[in-house]
Amino acid sequence: MFYLGIDVSKAKLDCCIYPQGLTGKRKNKVFPNAKNGFAKLREWLTGLGADLSQTTVVMEATSVYHENLAYDLYDAGLKVCIANPARVRAFARSLSMLNMRSTASQVRVDSEALVRYAMTAALEFWQPTPAKVRLLKDLLDRRAAIADHLFQETNRLEKAVSAQTSAIVRQLLDESIEHLRTKLKEIDRLISEYVDKDPDLKHDLDLLTSIPAIGERTGLLMLGLFHSHQFEKASQAAAYVGVVPVQYQSGSSVKRRSRMSKAGSSKVRAGLYMAAVVAIRHNPHISAMYQRLCENGKSKMAAIGAAMRKLIHLCYGVLKHQIPYQADYLTVKPA
């Protein structure tokens, strides 16, 4: 097995490999982060004697700059791992590999740390998101961007009215807001039509929205999450989204209040937060849990965090078992 570490940036790929293992000589090379660079990278690996089908590539998740490379290498038959940057940095720090001052040297250290991480850690291999889910997520991302822009323009208009701004500027803001509302309606129509045309997506969205407090917008977020990742259990999904508690304790004297990990998508967490606020009033299971936690001394924010985590578990459950939410499932006796 060959292990390749790639430190990905917007413009380039800093690669490191040990063709003969860690006892052999290290090979480093830089390629452009573009299609022609991907081809040259594969040629370089072949020239070093690496069997592409027996090569594992580890790179960090770097915004979107790693995605084209991941798809290209996956299609070429390499095993791809998108590592959590925080875990790689902690691993490198444990090996005292973060003390270099030169930027160029630090880049080589980063790619080498990825190789050593690949040889040591239990890797989870990356799988491409199915094309139909990728399109849905792209549409949802675009909708979120338009909605944010609309919110900003609406705030600007409110300030303009309060500040005696000229009529010309207020008119421009009115026109911009109207245009954004039209685009928002258009993309909502595209999303609705797209989901309705796919029986699997439509059925799973209906299952998700059967949960009290999970509306269509949050349901679409959950649909994109669970259709683009394979989770063996609900706790994995909660950890991926970053709604699990993180405790800090050292010995018997140092113990701090637990906090939410916030390790995953902030967009998904934001949708879950609003759903959790509704759920503590209208979802029987979450309402009971929230009241119990508050009565036991938990803060309201901690209890809402638990409600967010419970919602993830409920979403996982209805999709796994393909059964709509049942408010009385805890009290139903088997026949």
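Our structure is the block above this text.
Criteria and thresholds
- Residues numbered from 1 in each chain as written.
- Predicted model: local features only at pLDDT ≥ 70, side-chain atom pairs only at ≥ 80, totals over all residues.
- Heavy atoms only, no water.
- 1 Å grid on protein atoms, 1.4 Å probe; cavity = no way out; pocket = protein on both sides within 12 Å on 5 of 7 lines; lining within 4 Å.
- Points joined across faces, edges and corners; volume = space filled by probe spheres on them.
- Helix = DSSP H or I, 4+ residues; strand = E, 2+ residues; numbered from the N terminus.
- Nonpolar A, V, L, I, M, F, W, Y, C, P; charged D, E, K, R; others polar.
- Pairing = 2+ DSSP bridges.
- Right-handed = clockwise from strand over helix to strand, strands pointing away.
- Contact = heavy atoms within 4.5 Å.
- Phe/Tyr/Trp six-rings, centres within 6.5 Å; stacked < 30°, edge-to-face > 60°.
- Buried < 20%, exposed > 50% of the residue type's maximum accessible area, 1.4 Å probe, protein only.
- Core = buried A, V, L, I, M, F, W, Y, C linked by side-chain atoms within 4.5 Å.
- Patch = residues over 30% accessible without salt bridge, like charges linked within 9 Å, V, L, I, M, F, W, Y side chains within 5 Å.
- Areas by Shrake-Rupley, 256 points an atom, 1.4 Å probe, with all protein chains shown as cover.
- Salt bridge = Lys/Arg side-chain N within 4 Å of Asp/Glu carboxyl O.
- Polar contact = N/O pair within 3.5 Å; in protein donor to acceptor, adjacent residues only side chain to side chain.

Participant: Can you tell me about empty space enclosed by the protein, naming the residues and giving the values?
Facilitator: A complete count under the given rule lists 1 cavity of 30 Å³ or more for this structure. In this structure, the largest cavity spans a volume of roughly 30 Å³. E60, V88, R89, A92, D110 and A113 together form the lining of the largest cavity. Mapped onto the lining of the largest cavity, the elements with two or more residues apiece are α3 (85-94) and α4 (103-120). Considered class by class, the residues forming the lining of the largest cavity number 3 nonpolar, no polar and 3 charged.

Participant: Run through the pairing of strand β5 (residues 79-83), naming residues and quoting values.
Facilitator: Where a strand is regular, its side chains alternate between the two sheet faces. In this structure, strand β4 (residues 55-60) lies alongside β5, joined through 5 bridges in parallel fashion. Counterpart to M59 in the pairing with β5 is I82. Since β4 and β5 lie parallel, the crossover through helix α2 (residues 67-75) that links them has a hand, and here it is right-handed.

Participant: Residues and numbers for the environment of S111, please.
Facilitator: With respect to the secondary-structure elements, S111 resides in helix α4. Separated by 94 residues in the primary sequence, S111 and I17 place their C-alpha atoms 8.6 Å from one another. In this structure, S111 is in contact with G5, D7, D14, C15, C16 and N28, ignoring residues within four places of it in sequence.

Participant: Describe the packing of aromatic side chains, with residues and values.
Facilitator: The relation between two aromatic rings is expressed through the spacing of the ring centres and the mutual angle of the planes. With the rule as written, the count across this model stands at 7 aromatic pairs. Centroid distance Y71 to W126: 5.0 Å. Interplanar angle 90 degrees. Geometry classified as edge-to-face. Of this pair, Y71 sits in helix α2 while W126 sits in the loop between α4 and α5 (131-162); the two residues are 55 residues apart in sequence, bridging distant segments of the chain. Between F226 and Y316, the aromatic rings sit 6.3 Å apart at their centres with planes inclined by 50 degrees, giving tilted as the arrangement. With F226 in helix α8 (residues 216-228) and Y316 in helix α12 (residues 300-321), this residue pair connects regions lying 90 residues apart in the sequence. Across the pair, exposure class does not vary: F226 and Y316 are buried alike. Among the aromatic residues, those joined into a ring-pair cluster are F226, F231, Y240 and Y316.

Participant: Describe the nonpolar core, and please don't skip the residues or the numbers.
Facilitator: Judged by nonpolar contacts, the single largest core of 54 residues is most densely connected at M222, F226, L272, L311 and I312. Those elements giving two or more residues to this core turn out to be α5, α6 (167-197), α7 (199-209), α8, α9 (234-241), α10 (266-282), α11 (284-295) and α12. A total of 12 residues in this core trace back to one element, the largest contributor, which is α12. Apart from residues no more than four positions distant in its own chain, F226 is found in contact with F231, A237, I312, C315, Y316 and L319. By size, the runner-up hydrophobic cluster in this structure holds 22 residues, among which are F2, L4, V57 and M59.

Participant: How would you sum up a nonpolar patch on the surface? Please name residues and give values.
Facilitator: Side chains of Y273, M274, V277 and M301 sit close together on the surface and give an oily, nonpolar patch of about 370 Å² of accessible area. Mapped onto the elements of the fold, M274 is located in helix α10. With a relative accessible area of 52%, M274 lands in the exposed category.

Participant: Give me the lowdown on the environment of G37, citing residues and values where you can.
Facilitator: In this structure, G37 sits in helix α1 (residues 35-47). G37 sits in the buried class, given a relative accessible area of 0%. Along the chain, G37 and L69 lie 32 residues apart, while their C-alpha atoms are 9.3 Å from each other. Not counting chain neighbours up to four residues away, the residues in contact with G37 comprise F31 and P32.

Participant: Kindly report on unusual backbone geometry, identifying the contributing residues and their values.
Facilitator: Even without being a glycine, Q164 presents a positive backbone phi close to 55 degrees. As for its placement among the helices and strands, Q164 is situated in the loop between α5 and α6. With relative accessibility at 68%, the residue Q164 sits in the exposed group. With a phi angle near 55 degrees, Q322 is a residue other than glycine that sits in the positive phi range. Structurally, Q322 can be placed in the segment after α12.

Participant: So, the environment of R26: which residues are in play, and what are the values?
Facilitator: Structurally, the position occupied by R26 is in the loop between β2 (12-17) and β3 (27-32). Of the residues examined, R26 reaches a relative accessible area of 34% and is grouped as partly exposed. In this structure the C-alpha to C-alpha distance between R26 and C16, which are 10 residues apart in sequence, comes to 7.0 Å. With residues up to four places along the chain from it excluded, the contact list for R26 reads C16, I17, Y18 and E112. Side chain to side chain, R26 and N28 meet in a polar contact 2.9 Å long. Of note is the side chain of R26, whose polar atom sits 2.7 Å from the side chain of E112.

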